[in-house]
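# Close look at the chain arrangement
The residues making up each chain are set out below.
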Amino acid sequence: MRRVSKLAATVAATAALALTASACGSDDSTGSGGSSGGGTGEGAAIAFDVGGRDDASFNEAAARGADKAKNDLGVETYYQTARDDETDADREQRLQQMAEAGYNPVIGVGYLYGPSVERVAQEFPDTTFGVVDAVAEGDNVYSMIFAEHEASYLAGVAAALKSETGKVGFIGGVDTTLINKFQAGYEQGAKDTDPEIEVDVQYLYTDDPKGFTDVAKAKEQANGMLGRDVDVIYTAAGLAGNGSIEEVASAENAWAIGVDSDQAEQPGLAEYKDSILTSAIKGVDVAVFDLISSIDSDDPMSGTGEYGLANDGVWLATSGGHIDDIADELDEAKRRIVEGETEVSDTP
């Protein structure tokens, strides 16, 4: 077993995955299995967070990693998706069913799977488990964590440089420690760039996972911000964020900033791409592919893989060329972070 304390995601792998076209299917029935039952038990299994693989954001990024594993390695993948009202027991049961069916690895996408992965991994010591955005203990567990605050800092720099009104906004899906990292980096980046800038911060829900699927509420929040003269809005809310992007695209002289995936390149958001300034991307696809690949090569990963700016595990999208004119400023901001001159806070 290959114990990993820190993973260096290569630029080549990142670029290849970023260009992989994502297939559009149902939220929970893509790959070798369906949305219920145990599937075939061959290959990998991925338990998506709420919103499913076609959220054009976080889950979609994980699916791209699995798609690459199928294309490059011939590994089939079975998918299931969490519901809005799920409990830890529901998530635990889903992981147990996947492991009992013989899938390896079994990957939980999202911090809510952390406790369930840790418990179920103890029951199936011969199966490798993965979890995205949480650290779970276990000799057969690979935890994939990201420096969302670093990519968000760069998004804040871009927002401050592009804003004409001096007012930018952040919409978070759920007020959690994880989403607070996005807020913290964005606010710091914006204010380091322009100390006078105003950052309007709103959350869709305090502690309800529905904040990652409530498209209508995100659209409503974005509408309110636009009415307050906010002209750049960064939304970290999974599928719900699509509503914010749609609302921004309906306004003149306003920009949306996407999250997790290059949202300007997602088929479901294609009509809004000219309004998407950039996206703060994290390489969930890279991490998922690496874990599946390690099983395929009979050298399973475990421990914690850390993905940040220094190892190209997070970055800003350049699709559409909308930030080409501020590339020098963004490169300098990245350099300061990587070389330790700027310490980005992960709490607001």
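Structure shown above.
No experiment lies behind these values; they were computed from the predicted model shown.

### Focus: the overall build of the protein chain
The helix and strand inventory of the protein chain stands at ten helices and 13 strands. Within the span of the protein chain, comprising 348 residues, buried residues form 59% of the whole. Counted over contacts in the protein chain with a minimum sequence separation of 6, partners at least 24 positions apart contribute 72%. Summed over all atoms, the accessible surface of the protein chain reaches about 13400 Å², with 44% contributed by carbon and sulfur.

### Describing the packing of helix α2 (residues 58-73) against helix α9 (residues 284-296)
Where α2 meets α9, the closest approach of the two axes is 7 Å, and the angle between their N-to-C directions is 35°. In this structure, α2 crosses over α9, and the sense of that crossing is right-handed. Mapping the contact onto sequence places Phe 58, Ala 61, Ala 62, Arg 64, Gly 65, Ala 66, Lys 68, Ala 69, Asp 72 and Leu 73 in α2 and Val 284, Asp 285, Val 288, Phe 289, Ile 292, Ser 293 and Asp 296 in α9. By residue class, the composition of the contact of α2 with α9 is ten nonpolar, two polar and five charged.

### Some remarks on the layout of surface pockets
In this structure, the second largest pocket encloses a volume near 250 Å³. Of all the elements in the fold, those that place two or more residues in the lining of the second largest pocket are β6 (141-146), α5 (148-162), β12 (301-307) and α10 (327-338). Class assignment for the residues of the lining of the second largest pocket results in eight nonpolar, three polar and four charged.

### Here's the deal with empty space enclosed by the protein
A complete count under the given rule lists one cavity of 30 Å³ or more for this structure. If you add up the space inside the largest cavity, you get close to 170 Å³. Lining the largest cavity are 18 residues, and of these Phe 58, Ile 179, Phe 212, Gly 238 and Asp 260 lie nearest its centre. Those elements that place two or more of their residues in the lining of the largest cavity are α2, α6 (177-193) and β10 (255-260). The biggest single contributor to the lining of the largest cavity is α6, with three residues. The residues that make up the lining of the largest cavity include at least three from each of domain 1 (6-147 + 284-307) and domain 2 (148-282 + 314-338).

### Structural notes on the pattern of salt bridges
Within the structure shown, the criterion is met by 23 salt bridges. One salt bridge connects Glu 86 with Arg 83, and the closest N-O pair in it is separated by 3.5 Å. For Arg 83, a relative accessible area of 45% gives the class partly exposed. Lys 181 serves as the salt-bridge partner of Glu 148, at 2.7 Å between the closest nitrogen and oxygen. You can see Glu 148 sitting in helix α5 and its partner Lys 181 sitting in helix α6, a full 33 residues away along the chain.

### A short note on α10
The end-to-end C-alpha separation of α10 is 16 Å, in line with the 16 Å expected for twelve residues at 1.5 Å each. Of the surrounding elements, those touching the buried residues of α10 are α5 and β13 (314-316). Two residues or fewer past α10, Gly 340 is found with a positive phi of approximately 85°.

### Regarding the pairing of strand β9 (residues 232-236)
Summarising burial for β9: five of the five residues are buried, a large majority. Here β9 shows two buried faces, one formed by Val 232, Tyr 234 and Ala 236 and the other by Ile 233 and Thr 235. Both strand β7 (residues 167-174) and β9 contribute to a ladder of five bridges, which runs parallel. Residue pairing for β9: Gly 169 is matched across the bridge by Ile 233. Direction of pairing for β9 relative to β10: parallel, over a ladder of three bridges. For Ile 233, the partnering residue across the bridge sits in β10 and is Ala 256. Read as a crossover between parallel neighbours, the route from β9 over helix α8 (residues 241-249) to β10 is right-handed.

### Here we look at the environment of Asp 200
Within the fold, Asp 200 resides in strand β8 (residues 198-205). Sequence-wise, Asp 200 and Glu 187 are 13 residues apart; in three dimensions their C-alpha atoms are separated by 9.3 Å. For Asp 200, the residues in contact, after removing those within four places along its chain, are Val 168, Gly 169, Phe 170, Met 225, Arg 228 and Val 230. Among the polar contacts listed, one links the side chain of Asp 200 to the side chain of Gln 202, at a separation of 3.0 Å.

### With respect to the nonpolar core
If you look at the biggest cluster of nonpolar residues, it comprises 82 residues, and the most contacted ones within it are Ile 107, Phe 129, Met 144 and Tyr 186. Looking at this core, you find at least three residues from each of domain 1 (6-147 + 284-307) and domain 2 (148-282 + 314-338). Contacts of Phe 129, omitting those with residues within four sequence positions, involve Ala 99, Val 106, Val 117, Val 120, Ala 121, Phe 124, Asn 140, Val 141 and Tyr 142. In terms of nonpolar packing, the next biggest core, distinct from the first, is built from 20 residues, Met 225, Ala 254, Ala 256 and Ala 264 among them.

About the criteria used
Position numbers for residues start from 1 in each chain and track the written sequence from start to end. Since the coordinates come from a predicted model, pLDDT governs what is reported: local features require at least 70, and pairs of side-chain atoms require 80 or more to be given and counted, while whole-chain, interface and lining totals use all residues. Processing note: side-chain calculations cover all non-hydrogen atoms of the structure and skip hydrogens and water entirely. Here a strand is any run of E in DSSP of at least two residues, a helix any run of H or I of at least four, and the numbering for each starts at the N terminus. The classification of residues rests on relative accessible area computed with a 1.4 Å probe and restricted to protein chains. Under 20% of the type maximum is buried, over 50% is exposed, and intermediate values are partly exposed. Contacts are assigned to residue pairs that have any heavy atoms within 4.5 Å of one another. Only the protein chains shown count as cover for residues, and all accessible areas are computed by the Shrake-Rupley method using a 1.4 Å probe. Under this scheme, a helix contributes an axis fitted over its contacting stretch, all axes are lines through C-alpha atoms, and angles between N-to-C directions fall in the 0 to 180 degree range. Two helices that cross are described as forming a left-handed crossing if the nearer one is turned anticlockwise from the farther one by less than a right angle, and a right-handed crossing if clockwise. Each residue gets one of three labels, nonpolar for Ala, Val, Leu, Ile, Met, Phe, Trp, Tyr, Cys and Pro, charged for Asp, Glu, Lys and Arg, and polar for the others, Gly among them. For each structure, a 1 Å grid was placed over the protein atoms alone; sets of points admitting a 1.4 Å probe that cannot get out are labelled cavities, open sets with protein on both sides within 12 Å along at least five of seven lines are labelled pockets, and lining residues have an atom within 4 Å of a point. Grid points are joined across faces, edges and corners, and a volume is the space filled by probe spheres set on the points. Where each domain begins and ends follows an automated or database-derived domain assignment. One side-chain nitrogen of Lys or Arg within 4 Å of one carboxyl oxygen of Asp or Glu is enough to make a salt bridge. Working rule for helices: expected span equals 1.5 Å times residues minus one. If DSSP finds at least two bridges between two strands, the strands pair. Note on handedness: a crossover is taken as right-handed if, strands pointing away from the viewer, the path from the first strand over the helix to the second is clockwise. Each polar contact in these results corresponds to two N or O atoms within 3.5 Å; when the atoms are within protein, one needs to be able to donate a hydrogen and the other to accept it, and residues that are neighboring in sequence are counted only if both atoms are side-chain atoms. Throughout this description, the term nonpolar core refers to a set of buried Ala, Val, Leu, Ile, Met, Phe, Trp, Tyr and Cys residues connected via side-chain atoms within 4.5 Å.

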